[in-house]
Amino acid sequence: MSNSDLVLQPILSRWLHSTEPLHGPLLIALAYFFGAEAAFYIGTLSDRIFALFWPPNVILFCALLIVPQRRWWLYIAAVFPAHVVAELGVGMPAPQLLVAFATNCLVAFLNAYGVRRLVGDPPWFGTFRKTLLYIGITVGISPAISAFGGAFVPILGGGPASNYWTFWAHWYVANALPNLTIGPVLLIWLSRGTTRSRWVPSLRHIEPAILVALLFCVGIIVAEIGGGLVANSFLPAVLLAPLPLVLWAAVRYGEKGGSGAVLVVTIVLTWRLLHGPSLFIGEEPQRSVLALQLFLTGLSIPVLLLCSLIDHLRLADRKTLELAAALAGA
């Protein structure tokens, strides 16, 4: 068993590693279901069946990553009823439902297996090498492989087979984007250690709260007034409007701040694109959403890499100061 199997995190990890064998699987099944419901609320295409941003696979991936490999089958079995209930709620037929579940499990399995073998034990971020490996596995390889099966889900629902590669691209990005946004937030939190402390609001929480509020406001403003600006060829400026706030979060809080900021922007812009005016005037909804997904994926990768460098430099500075203090006291 690797050290990652022994990591015990506050609340969630205590349940995942509980002596009660069903505590962890039941918790993940509930999280999987509510993640699916959140994706459907944010918005879908193709009669509410094709989700554009799919958190359940990231939830399953994180669970598989931190529990012993011999228990993976139990977690996969536990989320199957949650998957069935969520997909039946939007009218997905059984053949699509089963293929979707198989590809969901495949991408989570490939992510967890690849990160365990190549990235290693927690912390899973903090260095440029680890972050680059994480991106290569969870954004490059795993979702690309699973998308070959996922592309058949809309085809089984009546979509034209000639659009296979379009469906592949949608499925790929819908899994890659959450791995860049939700994945780092969850994994950084899970690798923080076993220290338990009561959360007490303080002045240091004001700045991140302001950042989140500003990101929501800027995202909504971009979606509301962006259409008119896009018509005047200001699309790059419109899409990059949240970037200063994202960089602020990255510089101040490293990977947890940068990935969290991109997550907020992703949720706001995706939800507004599906429920309000489109930034991409004259485009079909599927093309508009794919364009936004690709933009957000392209934004997330350099931000995450920048954050890893910031965290690495801060760690090096801290170790240098500790060494200098130790030498001075000697």
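Residues numbered from 1 in each chain as written. Predicted model: local features only at pLDDT ≥ 70, side-chain atom pairs only at ≥ 80, totals over all residues. Heavy atoms only, no water.

Looking only at helices and strands, one finds 12 helices and 2 strands in the protein chain. The helix and strand sequence of the protein chain, counted from the amino end, reads α-α-β-β-α-α-α-α-α-α-α-α-α-α. Here the protein chain holds 330 residues, and 49% of them are scored as buried. Taking contacts inside the protein chain between residues at least 6 apart in sequence as the whole, the part at least 24 apart equals 75%. Within the structure as shown, the protein chain displays about 15700 Å² of accessible surface, and the carbon and sulfur contribution to it stands at 71%. (Helix = DSSP H or I, 4+ residues; strand = E, 2+ residues; numbered from the N terminus. Buried < 20%, exposed > 50% of the residue type's maximum accessible area, 1.4 Å probe, protein only. Contact = heavy atoms within 4.5 Å. Areas by Shrake-Rupley, 256 points an atom, 1.4 Å probe, with all protein chains shown as cover.)

Turning next to the packing of aromatic side chains. Taken as a whole and judged by the stated rule, the model has 13 aromatic pairs. On the basis of an interplanar angle of 0° and a centroid distance of 5.4 Å, the ring pair of W168 and Y172 is categorised as stacked. Here W168 pairs with Y172, and both are found in helix α8 (residues 164–190), just 4 residues apart, close to one helical turn. Judged by its relative accessible area of 18%, W168 is buried. Members of the aromatic cluster, joined through ring pairs, are F148, F152, Y164, W165, W168 and Y172. The ring of Y253 carries R252 above its face, with NZ or CZ at 5.5 Å from the centroid. (Phe/Tyr/Trp six-rings, centres within 6.5 Å; stacked < 30°, edge-to-face > 60°. Lys NZ or Arg CZ within 6 Å of the ring centre and 35° of its normal.)

Okay, helix α2 (residues 23–42) next. The first and last C-alpha atoms of α2 sit 29 Å apart over 20 residues, in line with the 28 Å expected at 1.5 Å per residue. G24, P25, I28, A29, Y32, G35, A36, A39, F40 and I42 are the residues of α2 that are buried. Here the buried residues of α2 occupy an arc of 160° about the axis, which is enough to place them on one side. Exposed side of α2, more than 90 degrees from the buried face: L26, L30, F34 and Y41 are the residues found there. (Expected span 1.5 Å × (residues − 1). Arc of directions from axis to C-beta.)

This part is about the packing of helix α5 (residues 94–119) against helix α6 (residues 128–150). α6 packs onto α5 with a crossing angle of 155° between their chain directions and a minimal axis gap of 9 Å. If you check the angle between α5 and α6, you find them roughly antiparallel. The two elements α5 and α6 meet at a crossing, and its hand is right-handed. Here V99, T103, L106, V107, L110, N111, G114, V115, L118 and V119 of α5 come into contact with α6, specifically with R129, K130, L133, Y134, I137, T138, S142, P143, I145, S146, G149 and G150. Partitioning the contact of α5 with α6 into residue classes produces 12 nonpolar, 8 polar and 2 charged. (Axes fitted to C-alpha atoms, helices over the stretch in contact; angles between N-to-C directions. Parallel < 35°, antiparallel > 145°, perpendicular 65-115°, else oblique. Left-handed = near helix turned anticlockwise from the far one by under 90°. Nonpolar A, V, L, I, M, F, W, Y, C, P; charged D, E, K, R; others polar.)

Here we take up the pattern of salt bridges. Summed over the entire model, instances satisfying the criterion amount to 1 salt bridge. For R252, the salt bridge identified is with E207, shortest N-O distance 2.7 Å. Residue R252 is found in helix α11 (residues 243–275), and its partner E207 is found in helix α9 (residues 206–231); the two are separated by 45 residues along the sequence. (Salt bridge = Lys/Arg side-chain N within 4 Å of Asp/Glu carboxyl O.)

Moving on, we come to the nonpolar core. In a soluble, globular protein the nonpolar side chains are often hidden away together inside. Core analysis: the biggest nonpolar cluster contains 80 residues, and F61, V115, W124, W168, Y172 and L187 have the highest contact counts within it. Here this core takes 14 residues from α8, the largest share from any one element. If we ignore the near neighbours within four places in the chain, the residues touching F61 are A108, N111, A112, V115, Y134, T138, N179 and L187. Judged by nonpolar contacts, the second largest core, of 6 residues, contains A39, F40, W54 and A86. (Core = buried A, V, L, I, M, F, W, Y, C linked by side-chain atoms within 4.5 Å.)

As a further point, take the packing of helix α3 (residues 56–66) against α8. Orientation of α3 relative to α8, taken along the N-to-C sense of each, is 40°, at an axis distance of 9 Å. Of the possible angle classes, the one that applies to α3 and α8 is oblique. In the crossing of α3 with α8, the sense of the turn from one axis to the other is right-handed. Contacts between α3 and α8 involve N57, V58, F61, C62, L65 and I66 from the first element and N175, P178, N179, I182, G183, L186, L187 and L190 from the second. In terms of residue class, the contact of α3 with α8 is made up of 10 nonpolar, 4 polar and no charged.

To continue, consider the side chain of T103. For T103, the location among the structural elements is in helix α5. Judged by its relative accessible area of 5%, T103 is buried. Sequence-distant contacts of T103, that is, excluding residues within four places in its chain, are made with S146, G149, G150 and W171.

Moving on to the environment of A86. Mapped onto the elements of the fold, A86 is located in helix α4 (residues 72–88). The spatial distance from the C-alpha of A86 to the C-alpha of F40 is 9.2 Å, given a sequence separation of 46 residues. Apart from the residues lying within four places of it in its own chain, the contact partners of A86 are F33, A36, E37 and F40.

Bringing a nonpolar patch on the surface into the picture now. A grouping of L106, I141, I145, F148 and W165 is seen on the molecular surface, where their side chains present a nonpolar patch of about 490 Å² in accessible area. Counting residues per element, the nonpolar patch draws most heavily on α6, at 3 residues. Here W165 shows up in helix α8. Given the relative accessible area of 55%, W165 is considered exposed. (Patch = residues over 30% accessible without salt bridge, like charges linked within 9 Å, V, L, I, M, F, W, Y side chains within 5 Å.)

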